[in-house]
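Structural overview
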Amino acid sequence: MSTAPRKVFVVSHTHWDREWYLTFHEFRTLLVRTVRRVLDRLENNASFEHFVLDGQTVILDDYLEIHPEDRPRVERLVRDGLLSLGPWYVLPDEFLVSGEALVRNLLVGHRVAGSFGGILKVGYLPDTFGHVAQMPQILARSGIDSFVYTRGSGEELDDLGLEYLWRAPDGSEVLAVNQHGGYCNAGGLGHEEIWQAHTRREVSVERAVDKVRELFSKMAERSNGDVWLLNNGCDHFPPQAKFGEILEALRAAFPGTEFIHTGFDAFVEELRRSGAATKSWSGELLSGKEHPILTGVWSARMELKQQNDAAQSFLADYLEPLASYTHFVHGREYPAGSVDYAWKELLKNQPHDSICGCSTDAVHRDMVPRFAAVRETAQQVLRYELEHLTPTFARRAEDDHETVIVVANPLPVVRTEVVTRLVVLQPPGVDVSRLELRDESGHTVPMKVLDSKRLERFWGIDYRTLLDYGAQRAVLECYLRDFADRIVRSEEERETSDQFLTIQFLAEDLPAVGHACFFLVEGESDPSADASVKVDGDTIENEHCRVTLHTNGTFDIEHTATGRVLRDLNVLEDTEDVGDEYDYSPAETSHTVTSTGASGSLRAIEATGFSGRLEASFTLRLPEAIAPDRARRSDATIDCPVNVRVGLRQGSPVVDVEVVFENRALDHRLRAHVPTGVAADTIISDGHFLANERPVDQERHDDWLQPPAGTVPQQEFSLVEDGEFGVAVLAAGLPEVEPRRDREGNVALALTLLRAVGWLSRDDFPTRRNMNAGPTIPTPDAQCQGPGAFRYAVLPYAGDWVSAGVKRMSRLWRAPVLTMQGVRDLHVPGGTGLVRTTSDAVSVTAVKRHEKRDTLIVRLYNLTGEPVRERLEFGLEPDSAWTCDLLERRGAPVVVNGRDIVLDLGPHQIATVEVAFAGPSSPDGTDHS
């Protein structure tokens, strides 16, 4: 092939890291100058015909907050085809956010770009650190048929070339284009160094031509056709200086080539027309042959990952489903404004440099209030919604004789759960010894009173409206710690005190996306319950498992159904880390410390019959830091206290684990090892609308720019199975795991809990070929000093993971029920759920109201590689239903059969269904948005 193509599309752009080595506010001062220069150039320079604002619309929100008067200018340039916006709201890290967050990102990005008059319908993700396997389907179901990227390819690119068809597991395809040399390959033309584009240095047109000639020579070796792409921009770049002169010089230097200054959409259209892309590729793009993937970001600043996971879950698993329930079933106004605000605030924490934890300390401190805004907004709105089911504002003391407890189930499955709740009763109060719990049919419900206190009545926290016992307990313990001598009262002081009861009960058959009511009343029956969870010394046992905890924090599991015994689970392993925020690296002389030889104390911290928990407390003695030469760990050591808690609940096969670790050491990585006893060649990790199957033994590829690290990303869990038995490790905001073989050749899963480093980027460690990934800036906060709590679980099961319901068990573990105390006379009866799934072969990711119409959206996907028929059961009778794409645009009608809708899902298919119910919803007139 000639070293000069037939057509070259020159795309002028800026890649905008909203925050990175500077804070958002610092970068925005540069953004204002840059966007102003773009607008001026497009309006006043005829030779400068197009500019791409990085594929993300958040930067327009940021800019117009400073210069709202420029909105008409932007709208005019978009309508005239001179400025490209979207399709994303932010450019995310794909592996560290949920699949549903990727969908919402596109949904918001399209809405914002559409408000200006045009949307760039190209899947542009230039700097994302790898790409998920279902991205072609996500794009295709958003009306996008192309994908332009830099990072992620391996050896396959030698065969595929720069242009190929990328296929999702369901068969969806997009035209994929690898930006050869990266998204900056033609940035800063005419300068000796690319960064000089930020200066006023003189531009050499001849040097620009030489740069393009060199680039053409390299692209000729890889391109499949004669339609090529030049990316004229880079990080925070202004428009190219002397662009018109450079373009004319290129046309003169390559007379057989047509140079077109335009956007990615025109390039993709011409490339597709040329037929250059003939080969296809399936699977995720997670290789670092030519560009580093920076896999250490999966574990940098782990607290950010935990907060992001919790925020995503509260929006998609709690607020939207339960707000949809109260809206469609009970006539409440849907809080659309608050939901949208919370999602946008969350998305602002999900750009790759933000959620990856690879920015300065100041940047990541700024993320904390954004997470708080999401959490506080969502929780308060949800309190309003649940208070409608059980009002507290009209409560009187005499109402406490028949207190109602609402239990809300946010998931689309019927479930039975052990519920713990702090109940506050006012005088004249009740006889605690005669209390019993009844369901809405009047049947007595097994219940235990775990604790009873009389406390002085004072203004403070309303415990009745706190939605979970953990929050109630934390607040109460705080008051008791500081005010116990003042507020604890005797029974004789009942007239000026409240009764604080901690109760636990078994809530059976809770409706799917719905609520049930339980009444705490004085009765004659024995309220005690049979003890099905037994705690005896160092063991806990229920109908599924027997767990034995050791004083070093390891534990054994005897699995009742299979008779399999798993031993020495949860060995803590700590190794030095001489890398940076982007990547882990061992030292030249590596030293690993484990908890195997540790010894401490053991105690039962919960033994109610419904649930049991044991706690091991010990000390892990670690090297203080790495030595000054960074070649080994220091000789000096420091004690790091550890508490390991394991628990079982009635009816659940999930062994809950919490590790509380006081990090006092520097420069190290802490992991928990779970030996599975299973011989397997692959590990299955929950991902984005897909369970990824990856090899246990990774190929080395030592010649790559960044060889594989051994670790892999996960969403909710990873598992190993052999067809007869399997072990899954469920995780809450812990997105990194590594499969390793033990001495017998069986697979152990190493779950990263903490990675502590002190630099944004360095260029002196081997796992990234001694090259920088960013500026060398100290980041002491990334050492993650102080206490940290890490929650995960072990789930042994028989058979395969789909039929064993591992995904369903993960969802149940991650999204406990919510509770609220209220008044019986004013409560809304429960029992009617909104929507229920019927198969373990599918998983639901969204239950929400449509963005524009007063209809219900349900999104689900097929977990398997086989066709699946799923029946959705509704608590209300649907009037009509349609399939939708991910942007909620209506497609074909779906047959409604009574209260059921049947969907036929292809292998690994994502499906979105829109449901209209008979008769309009009837809002109560109160603004809850």
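It should be emphasised that the depicted structure is a prediction, and the values quoted were computed from it without experimental measurement. (Residues numbered from 1 in each chain as written. Predicted model: local features only at pLDDT ≥ 70, side-chain atom pairs only at ≥ 80, totals over all residues. Heavy atoms only, no water.)

Quick notes on the sheet that holds strand S37 (residues 747-756)
Here we have 6 strands laid out as an open sheet, ordered S25-S24-S30-S37-S36-S33, and antiparallel in their pairing. Edge positions in the open sheet fall to strand S25 (592-594) and strand S33 (712-713), since each of these has one partner strand only. Across 6 bridges, strand S24 (residues 571-576) lies against strand S30 (residues 668-678) in antiparallel orientation. Counterpart to valine 571 in the pairing with S30 is histidine 673. (Pairing = 2+ DSSP bridges. Helix = DSSP H or I, 4+ residues; strand = E, 2+ residues; numbered from the N terminus.)

Some details on the confidence of the model for the protein
In this model, the protein carries an average pLDDT of 94, and 96% of its residues clear a pLDDT of 70 or more. Across residues 920-929, where pLDDT falls below 50, the model places 24 contacts with residues more than four positions away in sequence or in other chains. (pLDDT = per-residue confidence, 0-100. Contact = heavy atoms within 4.5 Å.)

Some thoughts on helix H7 (residues 205-219)
One turn of the α-helix equals 3.6 residues, which is why residues spaced by three or four share an orientation. With 15 residues, H7 extends 21 Å between its outermost C-alpha atoms, agreeing within 8% with the 21 Å of an ideal straight helix rising 1.5 Å per residue. Contacts made by the buried residues of H7 are with strand S1 (7-12), strand S8 (227-232), helix H8 (243-253) and strand S9 (258-261). (Expected span 1.5 Å × (residues − 1).)

Quick notes on the packing of helix H11 (residues 336-347) against helix H13 (residues 361-389)
The geometry of H11 relative to H13 is characterised by a closest axis approach of 8 Å and an angle of 160° between their N-to-C directions. As judged from the angle between their axes, H11 and H13 are roughly antiparallel. Considering only the axes of H11 and H13, their crossing is left-handed. Together, Ser338, Tyr341, Ala342, Glu345 and Leu346 of H11 and Arg370, Phe371, Ala373, Val374, Thr377 and Val381 of H13 make up the contact between the two elements. When the residues that make up the contact of H11 with H13 are grouped by side-chain class, the tally is 7 nonpolar, 2 polar and 2 charged. (Axes fitted to C-alpha atoms, helices over the stretch in contact; angles between N-to-C directions. Parallel < 35°, antiparallel > 145°, perpendicular 65-115°, else oblique. Left-handed = near helix turned anticlockwise from the far one by under 90°. Nonpolar A, V, L, I, M, F, W, Y, C, P; charged D, E, K, R; others polar.)

Regarding the pairing of strand S31 (residues 682-686)
For S31, a buried count of 4 out of 5 residues is recorded, marking the element as mostly surrounded by other parts of the structure. Sheet topology note: the S31/strand S32 (residues 691-695) ladder contains 5 bridges and is antiparallel. Bridging from a neighbouring strand, serine 685 pairs with asparagine 692 of S32. Counted along the chain from S31 to the antiparallel partner S32, the turn is 4 residues long, and its residue phenylalanine 689 has a positive phi close to 60°. Two elements, S31 and strand S34 (residues 717-721), share 2 bridges in a ladder whose sense is antiparallel. Directly across from isoleucine 684, in S34, lies its bridge partner leucine 719. (Buried < 20%, exposed > 50% of the residue type's maximum accessible area, 1.4 Å probe, protein only.)

Thoughts on unusual backbone geometry
Backbone torsion omega between glycine 86 and proline 87 reads 10°, so that peptide bond is classified as cis. Of note, proline 87 is situated in the loop between strand S3 (83-84) and helix H4 (99-115). At leucine 294, a residue that is not glycine, the phi angle is positive and equals roughly 65°. In this structure, leucine 294 sits in the loop between strand S10 (280-282) and helix H10 (302-328). Classification of leucine 294 by relative accessible area gives buried; the value is 1%. The phi torsion at aspartate 667 lies on the positive side, around 60°, for a residue other than glycine.

Side note on the packing of helix H1 (residues 24-44) against helix H3 (residues 71-79)
Relative orientation of the contacting elements H1 and H3 amounts to 50°, with a least axis distance of 11 Å. When the interaxial angle is binned, H1 and H3 end up oblique. The handedness of the crossing between H1 and H3 comes out as left-handed. Note on element contacts: H3 touches H1 through Arg73, Val74, Arg76 and Leu77, opposite Arg36, Leu39, Asp40, Leu42 and Glu43.

Regarding the side chain of aspartate 353
Here aspartate 353 is to be found in helix H12 (residues 352-355). One buried charged side chain, aspartate 353, makes no salt bridge at all; its nearest oppositely charged neighbour is arginine 151, positioned 7.5 Å away. Side-chain polar atoms of aspartate 353 contact the side chain of histidine 352, separated by 3.4 Å. (Lys, Arg positive; Asp, Glu negative; His and termini not counted. Salt bridge = Lys/Arg side-chain N within 4 Å of Asp/Glu carboxyl O. Polar contact = N/O pair within 3.5 Å; in protein donor to acceptor, adjacent residues only side chain to side chain.)

As for the packing of aromatic side chains
Going through the model one piece at a time under the given rule, you end up with 23 aromatic pairs. Ring plane angle 80° and centroid distance 5.3 Å describe the contact between tyrosine 463 and phenylalanine 500, whose orientation is recorded as edge-to-face. Of the two residues, tyrosine 463 is situated in the loop between strand S15 (447-456) and helix H14 (469-487) and phenylalanine 500 in strand S17 (residues 497-510); the sequence distance between them amounts to 37 residues. With respect to burial, tyrosine 463 and phenylalanine 500 carry one shared label: buried. Relative to phenylalanine 917, the ring of phenylalanine 874 lies with its centre 6.0 Å away and its plane at 70°, an arrangement referred to as edge-to-face. With a gap of 43 residues between them, phenylalanine 874 in strand S43 (residues 868-874) and phenylalanine 917 in strand S48 (residues 910-917) connect regions that are remote in the sequence. Across this residue pair, the class does not change: phenylalanine 874 and phenylalanine 917 are buried. Connected via pairs of aromatic rings, a cluster forms that spans Trp16, Trp20, Tyr21 and Phe27. (Phe/Tyr/Trp six-rings, centres within 6.5 Å; stacked < 30°, edge-to-face > 60°.)

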